[in-house]
There are 2 protein chains.
Amino acid sequence: MGLIVQKFGGTSVKDAERIFNVARIVTDTYAQGNNVVVVVSAQGDTTDDLIEKAKEINPNASEREMDVLLSTGEQISISLLAMAIDKLGFPVKSLTGWQAGFLTDSSHTRARIRRINKERLENELSKRNIVIVAGFQGINRYDDITTLGRGGSDTSAVALAAALHADNCQIYTDVDGVYTADPRLVPNAKKLDEITYDEMLELATLGANVLHNRSVEMGKKYSVPMEVLSSLERKPGTQIKEVIKVEKMLIKGVARDNDVARVSIVGVPDTPGIAFKVFSQLAAKKINVDIILQSIGRDGTKDISFTVSRSHKDLAMEVLGDIKENLNAHDVVCDDNISKVSVVGAGMQTNPGVASKMFEALADAGVNIQMISTSEIKISVLIDLKDSEKALNAIHDAFINED
Amino acid sequence: MGLIVQKFGGTSVKDAERIFNVARIVTDTYAQGNNVVVVVSAQGDTTDDLIEKAKEINPNASEREMDVLLSTGEQISISLLAMAIDKLGFPVKSLTGWQAGFLTDSSHTRARIRRINKERLENELSKRNIVIVAGFQGINRYDDITTLGRGGSDTSAVALAAALHADNCQIYTDVDGVYTADPRLVPNAKKLDEITYDEMLELATLGANVLHNRSVEMGKKYSVPMEVLSSLERKPGTQIKEVIKVEKMLIKGVARDNDVARVSIVGVPDTPGIAFKVFSQLAAKKINVDIILQSIGRDGTKDISFTVSRSHKDLAMEVLGDIKENLNAHDVVCDDNISKVSVVGAGMQTNPGVASKMFEALADAGVNIQMISTSEIKISVLIDLKDSEKALNAIHDAFINED
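Cut-off values and rules
By convention here, each chain's residues receive numbers from 1 onward along its written sequence. The lettering of chains begins at A and the numbering of ligands begins at 1, in the order of writing. At least 70 in pLDDT is required for a residue's local features to be given in this predicted model, at least 80 for side-chain atom pairs to be given and counted, and no such filter applies to totals for whole chains, interfaces and linings, which use all residues. With hydrogens and water stripped out, all remaining heavy atoms of the structure feed into the side-chain values. UniProt positions are given in the numbering used here, feature names are shortened, and annotations may be inferred rather than shown by experiment. The secondary structure listing takes helices from DSSP runs of H or I that are at least 4 residues long and strands from runs of E that are at least 2 residues long, numbered from the N terminus. The classification of residues rests on relative accessible area computed with a 1.4 Å probe and restricted to protein chains. Under 20% of the type maximum is buried, over 50% is exposed, and intermediate values are partly exposed. Contacts: residue pairs with any heavy atoms within 4.5 Å of one another. The copies were overlaid by least squares, fitting only the C-alpha atoms of residues that reach a pLDDT of 70 or more in each copy. Note on pairing: two strands pair once DSSP finds at least 2 bridges between them. Here an axis means a line fitted to C-alpha atoms, over the contact stretch when the element is a helix, while the angle between two N-to-C directions is reported on a 0 to 180 degree scale. Polar contacts, as counted here, are pairs of nitrogen or oxygen atoms within 3.5 Å of one another; within protein the pair requires one atom able to donate a hydrogen and one able to accept it, and residues that are adjacent in sequence qualify only if both atoms are side-chain atoms. Method remark: on a 1 Å grid restricted to protein atoms, a set of points is classed as a cavity if a 1.4 Å probe fits but cannot get out and as a pocket if it is open with protein on both sides within 12 Å along at least five of seven lines; lining residues have an atom within 4 Å of a point. Grid points are joined across faces, edges and corners, and a volume is the space filled by probe spheres set on the points. Under this grouping Gly is polar, as are all residues other than the nonpolar Ala, Val, Leu, Ile, Met, Phe, Trp, Tyr, Cys and Pro and the charged Asp, Glu, Lys and Arg. Accessible-area loss on putting two parts together, using a 1.4 Å probe and summing over both, is the definition of buried area adopted here. Every case where a carboxyl oxygen of Asp or Glu lies within 4 Å of a side-chain nitrogen of Lys or Arg is listed as a salt bridge. Confidence scores labelled pLDDT are given residue by residue by the predictor and lie between 0 and 100. What counts as a domain boundary in this text is fixed by an automatic or database domain assignment.

Trainee: Explain the UniProt feature "binding site: substrate" (unreviewed entry) in chain A to me, please; I cannot follow it from the model alone.
Mentor: Residues and elements named next belong to chain A. When the UniProt feature table is mapped onto this chain, "binding site: substrate" (unreviewed entry) is found at Thr47 and Glu74. The greatest C-alpha distance among the annotated residues, which extend across 28 residues, is 8.9 Å, indicating that they converge on a single site. As for its placement among the helices and strands, Thr47 is situated in helix 2 (residues 46-57). When its relative accessible area of 24% is taken as the criterion, Thr47 is described as partly exposed. Once residues lying within four places of it in the same chain are set aside, the contact partners of Thr47 are Ala42 and Leu70. The topology assignment puts Glu74 in helix 3 (residues 63-87). Setting aside its immediate chain neighbours within four residues, Glu74 contacts Val40, Ser41, Ala42, Ala134, Gly135, Phe136 and Gln137.

Trainee: Is there a simple way to explain the relation of the copies chain A and chain B in this structure?
Mentor: Each of the two copies of the chain can be brought onto the other by a rotation about an axis and a shift along it. With an RMSD of 0.2 Å, chain A superimposes on chain B once it is rotated by 180 degrees and translated 0.1 Å along the axis. Taken together, the rotation and translation describe the operation of a two-fold axis. Among all C-alpha atoms of chain A, that of Thr72 of chain A lies closest to the rotation axis, at 2.7 Å. Most of the interface of chain A is mirrored in chain B, where 100% of its interface residues are also at the interface.

Trainee: So what exactly am I meant to see when it comes to the sheet that holds strand 19 (residues 369-375) of chain B here?
Mentor: Strand pairing in a sheet relies on backbone hydrogen bonds, with the paired strands running either antiparallel or parallel. All names here are of chain B. Pairing within the open sheet is antiparallel, and its four strands lie in the order 13-18-20-19. Strands at the two margins of the open sheet, each flanked by one partner only, are strand 13 (253-257) and strand 19. Averaged over all pairs of adjacent strands, the angle between their axes in this sheet comes to 20 degrees, without regard to strand direction. In terms of strand pairing, strand 18 (residues 338-344) meets strand 20 (residues 378-384) through seven bridges, oriented antiparallel. Each residue of the ladder has a partner; that of Val344, found in strand 20, is Lys378. Against the sheet, helix 6 (residues 197-205) makes contact with strand 13, strand 18, strand 19 and strand 20, and its axis sits at roughly 30 degrees relative to strand 13, the strand it touches most.

Trainee: When you look at the side chain of Gln75 of chain A in this model, what are you seeing that I'm missing?
Mentor: Residue position: Gln75 of chain A is located in helix 3. Side-chain polar atoms of Gln75 of chain A contact the side chain of Ser71 of chain B, separated by 3.0 Å. When residues no more than four places from it in sequence are discounted, the contact partners of Gln75 of chain A are Thr96 and Gln137 of chain A together with Val68, Ser71, Thr72, Gln75 and Ile145 of chain B.

Trainee: What exactly am I supposed to notice about empty space enclosed by the protein here?
Mentor: Under the defined criterion, the tally for this structure stands at one cavity of 30 Å³ or more. The space that makes up the largest cavity amounts to roughly 90 Å³. Around the largest cavity, the lining is made up of 14 residues, and of these Gln75, Trp98 and Ile145 of chain A together with Gln75 and Trp98 of chain B lie nearest the centre. Elements that contribute at least two residues to the lining of the largest cavity include exactly helix 3 and strand 7 (137-139) of chain A together with helix 3 (63-87) of chain B. Class assignment of the residues belonging to the lining of the largest cavity gives a composition of four nonpolar, ten polar and no charged.

Trainee: I'm lost on the interface of chain A and chain B in this one. Help?
Mentor: How big an interface is tends to be reported as the loss of accessible area on association of its parts. In this assembly, 44 residues from chain A lie in contact with 44 residues from chain B. Between chain A and chain B, the buried area comes to about 3400 Å², and carbon and sulfur atoms account for 60% of it. Three residues stand out in chain A for area buried against chain B, namely Ile57, Met83 and Trp98 of chain A, and they jointly supply 21% of the buried area on that side. If you look at where chain A meets chain B, you find two salt bridges. With a shortest N-O distance of 2.6 Å, Arg120 of chain A and Asp144 of chain B are connected by a salt bridge. For the side of chain A that touches chain B, the secondary-structure elements that each account for two or more residues are helix 1 (16-31), helix 2, helix 3 and strand 3 (92-95) of chain A. For the side of chain A that touches chain B, the element with the highest residue contribution is helix 3 of chain A, accounting for 17 residues. Taken together, the residues of the side of chain A that touches chain B break down into 23 nonpolar, eleven polar and ten charged.

Trainee: Which parts of the structure should I look at to understand the confidence of the model for chain A?
Mentor: Caution applies to low-pLDDT parts of the model: their predicted coordinates are not meant to be read in detail. Looking at chain A, the pLDDT average stands at 90 and 96% of residues meet or exceed 70. Two numbers describe this predicted complex: its pTM, 0.81, and its ipTM, 0.78.

Trainee: How should I be thinking about the domain arrangement of chain A in this particular structure?
Mentor: As assigned here, chain A comprises domain 1 (3-173) and domain 2 (261-335). With centres defined by C-alpha atoms, the gap from domain 1 of chain A to domain 2 of chain A works out at 40 Å.

Trainee: Teacher, can you tell me more about the sheet that holds strand 11 (residues 226-230) of chain A here?
Mentor: Residue and element names in this part refer to chain A. Spatially, the eight strands line up as an open sheet ordered 3-6-2-1-9-11-12-10, and their pairing is mixed. Lying at the two open borders of the sheet, with one neighbouring strand each, are strand 3 and strand 10 (194-196). Each adjacent strand pair in this sheet contributes to an overall mean axis angle of 20 degrees, direction not counted. Here strand 3 runs beside strand 6 (residues 130-134); their pairing, made up of four bridges, is parallel. Within strand 6, the residue paired with Leu95 across the bridge is Val133.

Trainee: Can you help me understand unusual backbone geometry in this one?
Mentor: Negative phi is the rule for most residues except glycine; trans is the rule for most peptide bonds. Residues and elements named next belong to chain A. Unusually for a residue other than glycine, Arg128 sits at a positive phi of about 60 degrees. Of note in the backbone geometry, Lys286 takes a positive phi value of approximately 60 degrees without being a glycine. Within the element layout of this structure, Lys286 appears in the loop between helix 8 (274-284) and strand 15 (289-294).

Put into structure tokens, the structure is as follows:
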């Protein structure tokens, strides 16, 4: 008994059969006495089809109009799911983003949720209606339609759960939980029963592809109990919460991210203010920088290296090209033939053995390490792209399958 | 210079090429110094495709959810047209029904427009933006999405023109104006330069298929100057207005309607209250009755015949079956193998020659008349379906091509 928010992605509602599968999960939860709010994404390839239509007309379509166009995808899903639930004999109402009260900022195609006006939602819930909400969308202060960008539907679900003080926010996917590594890459990967927000955040950021980090950040901020589970198998998934049972397993997961490029500025003068100049220029162009490494100064010069997503590589090189002379840099170089592999687990910092164990596993597998970055709960290494899977399995076997 | 409302139907925006054709018409009008508000329908077969999706899930889908689903069709069109206009270098904003301020009653799938909140529209026009509005849709007082049903986009356009006091409401279609008869059926049909609202109303109702009568009714009510013209040829169409130049041509057009079924109650007692009993029951089931004829009482009984659209035939027969015994009727019969052919023109009533000329033309063509109905500006006859085209051409030749 309680209020459950359930989120289903595009593949979960891709056709009539899958829609009825979702409808049964939802109505079973409702029949157990819960209030249920459901967030859905656009069906299967709908978004891609709409983008294709737009490109045919105008490859540089305005972001405002792209949002008007793309938000129809979820609107189609909510009505179809409501029809299926109605067919099963349960009371249901679908709500678009603006109807559900999603107010965002004005950054079209990547808007941030500012507030949720709960009136309509609470009104429908008080009538014991199942409420289906279009994920990924809202409106700004001018009543223009906005979309939330990547991971938007997950974020919609967690935001709803936070606003409504839901007892659980269930994110249904095509996997049955969070694994110690991507099971498609690491055959020995194990499912986790629980994981903390921070650990999940590192895994999401590192390319575990289960949840988008925006949604986990929001879950952590508002302490929303979350669960990742499969829409095809009826069994418990992985719970994400603040504090979890102390477990034997220190390392929660191993992840790799191939969407990464390394950019280096070689031979800049070893004087104060250089890093500021570089990264303020990158920030001005809204380039997200991940790992940053600066070499120790030698002969009066130093090197600065950082990683960005591949789509930002060219823009980053352009920015550095512009300031290269100004910085008196020797050269600017770039490499996107790399992969980032990481281990994640709370308490890592107080266990110095983790890093050496990881490096040992890589050495045994003959993998060369290009860069190393550590945080409280994570150790990442940058390696050659071709070694990616080998490294992933070597590290996974060393930590997860050690006993 | 002025404010022009332009409406384009689904075939006019069915693909990228046609969308750019529309964009050029719009931007040419704008470039002449006009403010332009454009109303568009869903692309080509989009609505049918969406209905198909719904049927697969739930053949008895709720009307509320059908409206959520179908309204996405126009939303796709407005964004694509806005992208095309943007590409041509003109300032443009798309607005969905609710963004454009369309407030309707709560009759889902056949809502009536109650009011248009002009604020947003006027704000965009004051910035000299071309405004693209999704036709066919609005919201009710609960912020639920509604659609206007058949002819909805025409009605949206005329309502906008009325609310904004537009100088002209141009309805673009795939024909270049209103003809004296359907050119596909009557090769000698002639295009009209002008027609009154009333005449257009009779022609629309009678199946001329150019404009839906709801839009013409609204045009007449608010004296909106309308024009029907082709989106493919750049030439003047047919203007629809209150008073037009006196012309030699008395008869404005000849139309036929095959979507008609005749229902008869045979041998009911010739006592008061019978007609009331019959038509109040039909009205309770929302069956629209067109022509009504009652035979003169004889031997204490009379016959009542009326026509309904074919889709209402079975329901009408059911209603009459239920009350047949109560009415003491001899029999209830039905025939949908019929066609209604009509001549339309102002001043017909003061020209008794019109009716006889029409009947003469039908007699010469060997067409038997089953029922006759007349109004101030119209004479309709019910004939055998197989004689439909023959009758249409015979009447057209007698009136329009007389000189």
